[in-house]
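Coordinate analysis (summary)
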Amino acid sequence: MKKIDDLIASAKSIHDRYKAGRMERETVREWALGLGEYPPPYAAPMREAAAWFKPAREMDPDALKAVDIEKLKAIVEAHPSAE
């Protein structure tokens, strides 16, 4: 269970720092692409995040960040104790 707790803590930290503007998108992208496999219910949101971050995206920066944040939030919310 520690591995899952570490994943959730890391995803929440990345989400919060990126949302607050204290982290660059490229750092978030590298984190998302470096995630390994996890069991359900984490597997689906993690695959979606990796698929989202994999290609370079040409979008309005604010719209891009909004989707990025939602992908990170989905990983955190997959945890049964997520608020």
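Residues numbered from 1 in each chain as written. Predicted model: local features only at pLDDT ≥ 70, side-chain atom pairs only at ≥ 80, totals over all residues. Heavy atoms only, no water.

1. Regarding helix 4 (residues 61–77)
The end-to-end C-alpha separation of helix 4 is 24 Å, in line with the 24 Å expected for 17 residues at 1.5 Å each. Buried residues of helix 4: L64, D68, I69, L72, I75 and V76, and no others. An end-on view of helix 4 places all buried positions within 130 degrees of arc, on one side of the element. (Helix = DSSP H or I, 4+ residues; strand = E, 2+ residues; numbered from the N terminus. Expected span 1.5 Å × (residues − 1). Buried < 20%, exposed > 50% of the residue type's maximum accessible area, 1.4 Å probe, protein only. Arc of directions from axis to C-beta.)

2. Some points on the confidence of the model for the protein chain
Mean pLDDT over the protein chain stands at 90; residues scoring 70 or higher make up 94%. The lowest-confidence element of the protein chain is helix 1 (residues 2–19), averaging 92 in pLDDT; the highest-confidence one is helix 4, averaging 95. (pLDDT = per-residue confidence, 0-100.)

3. Some points on the nonpolar core
Counting residues in hydrophobic clusters, the biggest one holds 22 residues, and the most contacted among them are V28, W31, Y42 and I75. Sorting the residues of this core by element identifies helix 1, helix 2 (25–33), helix 3 (43–53) and helix 4 as the ones contributing at least two each. At six residues, helix 1 tops the list of elements feeding residues into this core. With residues near it in sequence (within four places) discarded, W31 still touches S10, A11, I14, L72 and I75. (Core = buried A, V, L, I, M, F, W, Y, C linked by side-chain atoms within 4.5 Å. Contact = heavy atoms within 4.5 Å.)

4. Observations concerning the packing of aromatic side chains
Enumeration according to the criterion identifies zero aromatic pairs in this entry. Between the NZ or CZ atom of K65 and the centre of the ring of Y18, over which it lies, the distance is 5.1 Å. (Phe/Tyr/Trp six-rings, centres within 6.5 Å; stacked < 30°, edge-to-face > 60°. Lys NZ or Arg CZ within 6 Å of the ring centre and 35° of its normal.)

5. Regarding unusual backbone geometry
Looking along the chain, the bond that leaves P40 and enters P41 is cis, with omega of 5 degrees. Topologically, P41 is positioned in the loop between helix 2 and helix 3.

6. Let's talk about the environment of P80
Looking at where P80 falls in the secondary structure, it is placed in the segment after helix 4. In sequence terms P80 and P41 are 39 residues apart; their C-alpha atoms lie 8.9 Å from each other.

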